[in-house]
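# Structural features, examined
Now for the letters of each chain:
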Amino acid sequence: MKTKLNLLASASLFTLCLGTVLPATAQTAPAPATEDEDPILRAETVVVQGEITYRNRSEETVQTLEYGQDYFQRFEPLTAGDALKRVPSVTFLSDVIESDGARLRGLDPGYTQILINGEKVPGSSADRSFFLDRIPAELIDRVEIVRSSSARRSGDALAGTLNIILRDGYELDGGYVRAGGLYFDDGEFKESLGAVYGGAVGPGRLIIGGNLQGRYNPKIKKSLRYGDSPENNPTYRVDDFDNREDQTDTRDGTDYSFNAEYGVETANGLDMTFSGFYVKTDRTEDERSFEYDDPTAITGPVRTTTPGNLLTDNANVAKIDQENYSLRAVFDQEWSAGTTKFKVGLANFEEDVYETEDEIDFDRAAPRYTGDLTTTALTDEETSVELSHKFDVGTGALEFGLSYQDKSRDTEILTQRNRFNIATTVRDGWNQFTDNPESERTPWTNLLPEAGGLNTLGEERLDGFVVLDGETGRFSWETGLRYETTDVSITDLTVAAADQNKSTDYAFFLPSAHIKFDVTEADRLSASVARTVRRPNFDFISPALLEAELGDNDLLGNPDLEPESAWGLDVGYERRLGKAGVAGINVFYRDVSDLIEVANTGVEGSEGPGTFVLQPQNTGDGAVYGIELDLSTPLTMFGLPNTGVFANYSWLDSDIDDTFGSRRFNDQSEFVYNLGFIHDLVELDAAFGVTYRKQGDAFGRIVGEEIVTSYGADLEVFVEKRLGEKFTIRAVGSNLLNGSKDEAFNKFATIQDQIDRSFDEYELESEEAGPVFQVMARYAF
């Protein structure tokens, strides 16, 4: 720790001294924005949009799609995830009307790098991903989809990067307040409040914002389970019916968020920026499930004198408290030898979960109660430091730098199960619609760590990079090399003492090259080649053994896992349409090596013959490829300058071989597309718009289970009225098609059963949520 503090202090002192001991390039106060700089906007221009906003045409050499906040705002997304449903190649595998783990190009969230203001942030997921529903949409200035990887950034971007840029003090002058609410189809109402202010304070500029957002998601689920599948028996619905489960699933909570940034531009060329954001979530997830022995009947349990259909009654409640914050300081010094930049950041995520599950099994001679309590305490913290320098070289520029990151992740998962028979008189008087299994609960007195649930993980990274870029006429280019080193240690207190402490290390050279050629003022070609990595999931490197985790097979962690790596190619063409429109097509390919897949160790499992100990291992290769189309333009050519259309389509595919044959990367959707329009009624100071989204089926296969996931379409509509120059009110309807998520599960007890297609269970599950209506008003001051 002392070495890290010395490094931080030395680098800070070095940077701050540059402005006083070296010749300055600027001797006057900052001038107003030039044509190459973003202007400072008045708050009323943010609140009252006088024209339709389209996708920005990014001038970055690395292929980047840029969408300003105005592109999303009229449909009033609640979170960054909701906003990104309208952009190319972003899919989700969330519950209906939720958008949490972004799957760029359909791949698992761990393949997508999520950045806030260009910096990584920790999250709760074991695959290192960050859920985008943690970021209120109101904080966003713009979103960048970076299709390839640059040596300037961490190489954890196999699928690409989503960079969420928050508003800063040099983009807003004045403030506005937002107030409104959301109405759900079950009668629930949730409030939405926020305020933002930006302006000059002292020698610099400040922006500050706060939001309170009620969150609610009521869903209805139904599952039908069978002993065989249509693969083996076309009449399985009649011959092999086992049970039906009816479930209500309600997510109810509140998000509180705050962000601030203060920037100072000095006369001697030193620019300083201090920023931070904070998000807190209080959430309750309440599931109530009833299993019946009939496809349609809903009577209670079997009683002494009356037959019934209820098999089990289950109540599952999780109370979740999450907090995350990020603090960052950036010092940028221009001097005669170039520009030196120093960045230091601290990011923290904490989660506490208290989850109970109470169940009564009536399908027994004596009814049995089972109660489970699981408590989770997770803290993930990252400290980062980066020092870089850039100077001109001929017609280009050379930049080099060194970055350090220290990550610590502490996990404590404790659990207890109480199980006992209850009196038959309870069954005889039970009414599942008025009674609750919680009534039979006994005290929790002996919480113990679950396997793999008491561990500390440390990860230190030291990365160096060099980038050479330049521009000659219509041609611009960037080439770079990044060298990443990683030291990982894990201590798991749930395993034998000899295996509790494990460590490993690895290093990668990650070259990249990008070109951009403006064929004409309207036409542009671009191409990128880059190598990227994906580090192993945290739960995969734990040395713990989880019994009967995959079907009847055990899962043993592997601390010696190496990261996956990939060579990627992106080739794109983009055309400017008139003054504001843009259309593009991109083809991408990823050649993935050292894939992490669950493999059979050959050791017999805890459930006896026919079962095995499985372990994640680096096995084989894979490929990911696809085509991405996008269009964003006014219809001026058709005499409709006040009508804008938006469309994108992504065809996604991949190939990988596992124990059972060839398949896609798990849960990659076959396609995703968006269609929409906005029409401004100029004379009425009003507007309206529609957007429609559809995501293709996804297939996933692991040992013991195969899942096909299908989503229904999503339709959103807004109507807007502008009152004067400072007030706007919008009404938005979302999920107007009663969005549904349908899943088909093939379940198997052993590996051989899965090969032979001998089903342990076949399940059809469907969940549905109704429409959501919101009214939102903004007033600028």
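First, a word on what this report is: a plain description of the structure on this page. Source: prediction; values computed, not measured.

Conventions adopted
- Residues numbered from 1 in each chain as written.
- Predicted model: local features only at pLDDT ≥ 70, side-chain atom pairs only at ≥ 80, totals over all residues.
- Heavy atoms only, no water.
- Helix = DSSP H or I, 4+ residues; strand = E, 2+ residues; numbered from the N terminus.
- Contact = heavy atoms within 4.5 Å.
- Areas by Shrake-Rupley, 256 points an atom, 1.4 Å probe, with all protein chains shown as cover.
- Lys, Arg positive; Asp, Glu negative; His and termini not counted.
- Charge placed at Lys NZ, Arg CZ, Asp CG, Glu CD.
- Pairing = 2+ DSSP bridges.
- Core = buried A, V, L, I, M, F, W, Y, C linked by side-chain atoms within 4.5 Å.
- Buried < 20%, exposed > 50% of the residue type's maximum accessible area, 1.4 Å probe, protein only.
- Phe/Tyr/Trp six-rings, centres within 6.5 Å; stacked < 30°, edge-to-face > 60°.
- Patch = residues over 30% accessible without salt bridge, like charges linked within 9 Å, V, L, I, M, F, W, Y side chains within 5 Å.
- Salt bridge = Lys/Arg side-chain N within 4 Å of Asp/Glu carboxyl O.

Assigned secondary structure in the protein chain consists of seven helices and 40 strands. In terms of its C-alpha atoms, the protein chain occupies a principal-axis envelope of roughly 90 × 70 × 45 Å. Look at the contacts in the protein chain between residues 6 or more apart in sequence, and 70% of them connect residues 24 or more apart. Summing over all exposed atoms, the protein chain offers an accessible surface of approximately 32500 Å²; the carbon and sulfur share of this is 55%. A gap of 4 Å separates the mean positions of the 72 positive and 137 negative side-chain charges of the protein chain.

Next up on the list: the sheet that holds strand β5 (residues 112-116). Strand order in the open sheet formed by five strands is β2-β7-β8-β5-β6, and the pairing between neighbours is mixed. Two strands bound the open sheet, and with one partner strand each, they are β2 (64-68) and β6 (119-120). With two bridges joining them, β5 and β6 adopt antiparallel strand pairing. Across the sheet, residue L115 finds its bridge partner in β6, namely K120.

A separate point is the nonpolar core. In terms of nonpolar packing, the biggest core is built from 47 residues, with L84, V90, L132, I135, L162, I164 and F665 touching the most fellow members. Once residues lying within four places of it in the same chain are set aside, the contact partners of I135 are L78, T79, A80, I116, F130, I164 and L166. Core analysis: the next-biggest nonpolar cluster, separate from the first, contains eleven residues, V488, Y506, V533 and F538 among them.

Within the secondary structure layout, S149 lies in the loop between β7 (140-146) and β8 (160-166). With relative accessibility at 7%, the residue S149 sits in the buried group.

Even without a glycine there, the phi angle at N117 is positive, about 55°. Mapped onto the secondary structure, N117 falls in the loop between β5 and β6. The phi dihedral of R757 is positive, around 60°, even though this residue is not glycine. You can see R757 is positioned in the loop between α7 (751-756) and β39 (761-768). Classification of R757 by relative accessible area gives partly exposed; the value is 22%.

Within a pair of aromatic rings, the relevant descriptors are the distance that separates the centres and the angle that separates the planes. Under the criterion given, the structure shown has 29 aromatic pairs. Taking 5.0 Å as the distance between ring centres and 80° as the angle between the ring planes, the aromatic pair formed by F75 and F718 counts as edge-to-face. Here F75 is found in the loop between α3 (69-73) and α4 (80-84), whereas its partner F718 is found in strand β36 (residues 714-723), with 643 residues between them in sequence. The buried category is assigned to F75, whose relative accessible area is 4%. Owing to a relative accessible area of 0%, F718 belongs among the buried residues under this scheme.

Attention now moves to a negative patch on the surface. A cluster of like negative charges, contributed by D487, D505, D560, E562, D591, D594 and D621, occupies part of the molecular surface. Looking at where E562 falls in the secondary structure, it is placed in the loop between β23 (553-556) and β24 (564-577). By relative accessible area, E562 is classed as partly exposed at 31%.

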